[in-house]
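Residues per chain, in single letters:
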Amino acid sequence: MDLRRYIADIPDFPRPGIVFKDITPLFLDRAALRYVVDRFAQLARELRADFVLAAEARGFVLGGAIAAAADAGFVLARKPGKLPRETESVEYQLEYGVDALEMHADALAGGARVLVHDDLLATGGTASALCELVERKGAEVVACAFVIELAFLGGRARLAGRRVESLVVFDSP
């Protein structure tokens with residue numbers, strides 16, 4: 001399936017000079033949505049993932065569906081102050097600033113196998129932070145799965161040593 005036709009370029013969002021890759025058109029098409037969920041659920045099953053960990057907010061849309069289709073648990077990674085119990089937190093560099101993510105401290109334990117998911121791999125800051133949260137708990141990142149990869153930003157290098165799967169790769173802006 002050609003997923004590129006479901007990705008809209010939004011210039012100057014969230015800041016001037018950034019071209020935002022919007023996957024919300026993909027969510028509107030049931031065949032495209034099913035394709036993405038099925039591809040990543042199959043990956044999670046093949047790798048025997050116990051959990052899918054996804055970042056707020058677009059990662060949640062697919063992350064929960066992938067986890068359910070793969071018969072895995074789902075772990076939320078949220079912005080600080082959004083989770084009600086004790087959390088693990090990590091700060092990371094975005095292509096346009098600094099941010100942080102948290103997950104419940106008891107969400108993962110040693111030996112858990114985790115598929116890390118987000119909608120987009122850019123500089124690798126968010127994905128690297130998610131992997132750090134997993135590995136701090138003694139769990140294993142079995143793969144990182146993205147709908148879109150902006151290869152020209154080099155984010156894959158920050159995930160060195162980990163399996164990376166991207167459905168659509170942009171080699172230039």
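How each quantity is defined
- Residues numbered from 1 in each chain as written.
- Predicted model: local features only at pLDDT ≥ 70, side-chain atom pairs only at ≥ 80, totals over all residues.
- Heavy atoms only, no water.
- Helix = DSSP H or I, 4+ residues; strand = E, 2+ residues; numbered from the N terminus.
- Expected span 1.5 Å × (residues − 1).
- Buried < 20%, exposed > 50% of the residue type's maximum accessible area, 1.4 Å probe, protein only.
- Arc of directions from axis to C-beta.
- Core = buried A, V, L, I, M, F, W, Y, C linked by side-chain atoms within 4.5 Å.
- Contact = heavy atoms within 4.5 Å.
- Lys, Arg positive; Asp, Glu negative; His and termini not counted.
- Salt bridge = Lys/Arg side-chain N within 4 Å of Asp/Glu carboxyl O.
- Axes fitted to C-alpha atoms, helices over the stretch in contact; angles between N-to-C directions.
- Parallel < 35°, antiparallel > 145°, perpendicular 65-115°, else oblique.
- Left-handed = near helix turned anticlockwise from the far one by under 90°.
- Nonpolar A, V, L, I, M, F, W, Y, C, P; charged D, E, K, R; others polar.

**A few points about helix α3 (residues 58-70)**
Residues three or four positions apart in an α-helix share a direction because the helix packs 3.6 residues into each turn.
Then comes step 1: For α3, with 13 residues, the first-to-last C-alpha span of 19 Å sits near the 18 Å given by 1.5 Å per residue.
Then comes step 2: Within α3, the full set of buried residues consists of Gly59, Leu62, Gly63, Ile66, Ala67 and Ala70. End-on, the buried residues of α3 take up no more than an arc of 135 degrees, which puts them together on one face.
Then comes step 3: Following α3 by one or two positions, Asp71 adopts a phi angle in the positive range, close to 60 degrees.

**Concerning the nonpolar core**
Then comes step 1: Counting residues in hydrophobic clusters, the biggest one holds 32 residues, and the most contacted among them are Leu26, Leu62, Leu115 and Ile148.
Then comes step 2: Contributing elements (two or more residues each) for this core: α1 (24-28), α2 (30-46), α3, β7 (113-121), β8 (140-150) and β9 (164-170).
Then comes step 3: Not counting residues up to four positions away in its chain, the partners in contact with Ile148 are Ile7, Lys21, Ile23, Asp119, Leu120, Leu121, Val168 and Phe170.
Then comes step 4: Core analysis: the next-biggest nonpolar cluster, separate from the first, contains 25 residues, Val75, Tyr92, Leu121 and Leu133 among them.

**Comments concerning the side chain of Asp118**
Then comes step 1: Relative to the elements of secondary structure, Asp118 occurs in strand β7.
Then comes step 2: Buried charge without a salt bridge: Asp118, with Arg58 as the nearest opposite-charge side chain at an N-O distance of 5.8 Å.
Then comes step 3: In this view, Asp118 contacts Ala55, Gly59, Thr126, Ala145, Phe146 and Val147; residues no more than four positions away in its chain are not counted.

**Considerations on the packing of α2 against α3**
Then comes step 1: Contact pair α2 / α3: the axes reach a minimum separation of 8 Å and the direction vectors enclose 55 degrees. When the interaxial angle is binned, α2 and α3 end up oblique. When the axes of α2 and α3 are compared, the crossing they make is right-handed. Counting all contacts with α2, which are made through Leu33, Val36, Val37, Phe40, Ala41, Ala44 and Arg45, the residues of α3 involved are Leu62, Ala65, Ile66, Ala69 and Ala70.
Then comes step 2: Residue composition of the contact of α2 with α3, grouped by class: 11 nonpolar, no polar and one charged.

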